[in-house]
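# Results of the structural survey
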Amino acid sequence: MGLAEAAAACGDVPIGAVLVSGELVLEAKNEKELRPDATAHAEMILLREAAARLGVWRLSEATIYVTKEPCVMCAGAMIAARIKRVVYGARDPKGGADGGAFDILRSSKTNHRLEVTAGVLEDETAAQLQRFFRQKRQAPAREGFADEMR
């Protein structure tokens, strides 16, 4: 949860992720606000970095651990990268792709199936996200953010 706290300190949604593939261990946090880049989710950063370090786009031995249910973009990228397994904490009923809002990670229609373990440290990760958004709602409004809160 320290990576998620680092993301929050930069104004990003507190999501941290770790990718493990053999001896390779990478960490990332959300950096959408920091970069600025709408695709700079922790999972996307990990997939890019792992592919660059390993010299392959197929990450079939990799496991990703992430604080929140992956979104549609990240789930699609994990499927495309042939990730072996994803483990996540908090569910995301508004945008999650493991049954939260969509069911992409477990869909029989995709060309790759990955193992999914949901709800690890769910109470802690959900509370962290709730604190972040509560603080954002109480802070002075910034352009565009009010729309994200709906």
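Our structure is the block above this text.
Residues numbered from 1 in each chain as written. Predicted model: local features only at pLDDT ≥ 70, side-chain atom pairs only at ≥ 80, totals over all residues. Heavy atoms only, no water.

## What about helix α3 (residues 72–80)?
Taken as a whole, α3 has its buried residues at Cys74, Ala75, Ala77, Met78 and Ile79. Those residues of α3 that are buried are in contact with α2 (42–54), β3 (63–68) and β4 (85–90). (Buried < 20%, exposed > 50% of the residue type's maximum accessible area, 1.4 Å probe, protein only. Helix = DSSP H or I, 4+ residues; strand = E, 2+ residues; numbered from the N terminus. Contact = heavy atoms within 4.5 Å.)

## Side note on the side chain of Thr63
Locating Thr63 in the fold gives a position in strand β3. Beyond its immediate stretch of four places on either side in the chain, Thr63 contacts Val18, Leu19, Val20, Arg85 and Val87.

## Considering the pattern of salt bridges
Applying the stated criterion to the full structure yields five salt bridges. The partner of Glu31 in a salt bridge is Lys29, and the shortest N-O contact between them spans 3.2 Å. Taking relative accessible area as the criterion, Glu31 reaches 15% and is therefore assigned buried. Lys29 sits in the buried class, given a relative accessible area of 17%. Note that Asp92 is salt-bridged to Lys68, the shortest N-O span being 2.9 Å. Taken together, the residues Asp92 in the loop between β4 and β5 (115–117) and Lys68 in strand β3 connect sequence positions 24 residues apart. Across this residue pair, the class does not change: Asp92 and Lys68 are buried. Connected through salt bridges with shared partners, the residues Lys29, Glu31 and Arg35 form a single ionic network. (Salt bridge = Lys/Arg side-chain N within 4 Å of Asp/Glu carboxyl O.)

## A short note on the environment of Asp98
Tracing the backbone shows Asp98 in the loop between β4 and β5. Non-local contacts of Asp98, meaning those with residues more than four positions away in its chain, are made with Glu69, Tyr88, Arg91, Asp103, Leu105, Arg106, Val116 and Ala118. Only 2.6 Å separates the side chain of Asp98 from the side chain of Tyr88, close enough to count as a polar contact. Separated by 2.6 Å, the side chains of Asp98 and Arg106 make a polar contact. (Polar contact = N/O pair within 3.5 Å; in protein donor to acceptor, adjacent residues only side chain to side chain.)

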